[in-house]
Amino acid sequence: MAHANPNISQERPVIRQLDDAAINRIAAGEVVERPASVVKELVENAIDAGATRIAIDIADGGKTLIRVTDDGCGIAAEDLPLALSRHATSKIDGSDLLNIHTFGFRGEALPSLGAVGRLTITSRVEGGDAASVHVAGGRMEAVKPAALRAGTVVELRDLFYATPARLKFMRTDRAEAQAITDTVKRLAMAEPAITFTLRDASGGGEGRVTFRADRENGDLFDALHARLARVIGREFAENALQIDATRDGIRLYGYAALPTYSRGAAVAQYLFVNGRPVRDKMLTGALRAAYFDFLSRDRHPAAALFIDCDPTLVDVNVHPAKSEVRFRDPGVARGLIVSSLRHALAEAGHRASSTVANATLGAMRPEPAQPAPARVYQMDRPSPAARQTAYQAQSPGFAELANDYSGSIVEPTPMATPEPEEEPQDLPLGAARGQVHENYIIAQTADGMVIVDQHAAHERLVYEKLKTQMAENGVAAQALLIPEIVELSEGDCARLMGVADDLSRFGLTLEPFGGDAIAVRETPAILGKVDARAMILDILDELADQGESQMVQARIEAILSRIACHGSVRSGRRMRAEEMNALLREMEATPHSGQCNHGRPTYVELKLSDIERLFGRS
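Description of the structure in this document. (Residues numbered from 1 in each chain as written. Predicted model: local features only at pLDDT ≥ 70, side-chain atom pairs only at ≥ 80, totals over all residues. Heavy atoms only, no water.)

### Re the environment of T445
Thinking step 1. Here T445 shows up in strand 18 (residues 440-445).
Thinking step 2. Using a relative accessible area of 3% as the deciding quantity, one classes T445 as buried.
Thinking step 3. Each C-alpha atom of the pair T445 and A432 lies 9.0 Å from the other, and the pair is 13 residues apart in sequence. (Helix = DSSP H or I, 4+ residues; strand = E, 2+ residues; numbered from the N terminus. Buried < 20%, exposed > 50% of the residue type's maximum accessible area, 1.4 Å probe, protein only.)

### Focus: the nonpolar core
Thinking step 1. Core analysis: the biggest nonpolar cluster contains 60 residues, and V43, I54, I56, L119 and F196 have the highest contact counts within it.
Thinking step 2. Here this core gets eight residues from one element, more than from any other, and that element is helix 6 (residues 173-190).
Thinking step 3. When residues no more than four places from it in sequence are discounted, the contact partners of L119 are L84, L110, L113, G114, V133, H134, V135, V154, E155 and L156.
Thinking step 4. Residues I243, A286, L287 and I337 belong to the second largest nonpolar core, which totals 35 residues. (Core = buried A, V, L, I, M, F, W, Y, C linked by side-chain atoms within 4.5 Å. Contact = heavy atoms within 4.5 Å.)

### Re the sheet that holds strand 20 (residues 477-487)
Adjacent strands of a sheet form backbone hydrogen bonds with each other and so pair up, either parallel or antiparallel.
Thinking step 1. Overall, antiparallel pairing links the three strands, which are arranged 20-22-21 in an open sheet. Edge positions in the open sheet fall to strand 20 and strand 21 (509-512), since each of these has one partner strand only. Strand-to-strand twist across the sheet, computed as the mean angle between neighbouring axes with direction ignored, equals 20 degrees.
Thinking step 2. Both strand 21 and strand 22 (residues 517-524) contribute to a ladder of four bridges, which runs antiparallel. What sits directly across from T509, in strand 22, is E522. (Pairing = 2+ DSSP bridges. Axes fitted to C-alpha atoms, helices over the stretch in contact; angles between N-to-C directions.)

### Some points on unusual backbone geometry
Thinking step 1. Positive phi values are uncommon outside glycine, yet D158 reaches one of about 55 degrees.
Thinking step 2. With respect to the helices, strands and loops of the structure, D158 is situated in the loop between strand 7 (151-157) and helix 5 (164-167).
Thinking step 3. Given a relative accessible area of 31%, D158 falls into the partly exposed group.
Thinking step 4. Phi is positive for H592, close to 65 degrees, though the residue is something other than glycine.

### Comments concerning the pairing of strand 8 (residues 195-200)
Thinking step 1. In terms of burial, strand 8 is largely enclosed, as five of its six residues are buried.
Thinking step 2. With six bridges joining them, strand 1 (residues 53-59) and strand 8 adopt parallel strand pairing. The partner of R53 across the bridge, within strand 8, is T195.
Thinking step 3. Of the pairings in the sheet, the one linking strand 8 to strand 9 (residues 208-213) comprises five bridges and is antiparallel in character. By the bridge assignment for strand 9, R199 is matched with V209.

### Overview of helix 2 (residues 35-48)
An α-helical turn contains 3.6 residues, so a residue and the one three or four places further along point in the same direction.
Thinking step 1. Its 14 residues place the ends of helix 2 20 Å apart at the C-alpha level, agreeing with the 20 Å of an ideal helix rising 1.5 Å per residue.
Thinking step 2. Counting buried positions over the 14 residues of helix 2 gives twelve, a clear majority of the element.
Thinking step 3. The set of residues buried in helix 2 consists of P35, A36, S37, V38, V39, K40, E41, L42, V43, E44, A46 and I47.
Thinking step 4. One or two positions beyond helix 2, positive phi appears at G50, with a value near 80 degrees. (Expected span 1.5 Å × (residues − 1).)

Rendered as structure tokens:
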């Protein structure tokens, strides 16, 4: 070597036993990444203690103060010193590390916090006296009597004062406070029966409440729906589908948003396993796979999903912060997520997100030039004769519909007309009233109107038919005259052959060719000429990043999408009344017709009350 290696000592290294203070500071580096990690550990302890009210106070992003107050069962005075000892816990007995029913179980959090900050624990059990213990930099003081009505108060001041180098890696107070808020919100989602309050006490005083979620009542789904509306937002709750399914001892429940309620980043994906918030690559991959056919690659689904199972079916002791889990049979969990979400999306039919209509109304609402008192105009609705004349003048092809479908008020007319068995305006997408710019269908519903993008809607309908045909008949494969040999590492070959059966369903047939190569014998016929090596490398990249590959399926469905685009009703084509109504009826009967192949809405629904407000009508 050209220079001395600093990792190699000239003297023989000696093995030493570290003291408890050093051990605790090392453990704190794993458990306490930032102030949000402290809040997570302390709030989880409060939940394990059976608390119904949890209050969190922070100052300066949690760097100078983190205080968690709960009304749980408390800690006895004689147990306080033991609670600050490493690997001392009341939650497991050590005989079975897989049968874990609580958030905490390692007994590392409190001693780690006492090693890097100034920690004070005050607690009282029912029928006992309150007591307090203080530890700073790993040095514990004697237990003292204290004043407390019930529960526990854990206060941490000056985080990382004993390890000042860690402070240099902290982010701004605002960023740390935001991370704490996100942590509290995730925990609040999983516990709708607990009241959570988060205060920012920077600058002294009681501080201001930055987040509050009161206890929710009702059954599981009512309480969860109300809590998600409070935490994620009411728009998510209004556009979310209820999920509830069970397979092989694993239950999945929660809410998943419609594809048209998508986000530009994966910031609204909340996953929980046995009530524990997790960020697991396998679970997020399953969520992405469920929406694979409905969103473009730059859009991300929104969901709050909860997996409940026997603790022995999942290992939560695979990550220092317990943010990742490992299922005994990950295929069951993944398959449950994908199939349940796709089933719910199919049942949603043509439904589209209400946020589309809200955005449309917002764009249409004019900005007032100057503050002025609002004027309300009382206007009578047009008579049937006036409507008849208007229909005849504006759209002769629709004049015959005027008497049968007259809007939301039906008045007697001199000329009696036979009533249809089912009025189209009473159907979800209503009755077609006209076409504007040879691309948008205007339909009237019982309580409003619908604007349909005829090209996007028909494109989705054709695409769904093509997918159904492919599922029934399979993907045609074209055999290569000379198989293409792709040289790879032995590990990559094994990884590819592990998914060879899945790839063959889409027309890509692979065979092993020695220990470090594979032979591509067939490719999907619909793709035409294929660069097999490039495709294989792309598949391997997806397998390494996501644990699965949808590359072949994505390319095939992209071709189907292009075929659907060219085979659908084109923009600029005038449609007859019966054609427009037939398109509306087919949309109502076809799953996923509320969004195009790229996740954009195919129609916008505007309520009559909203339209009238735009014009200042009462």
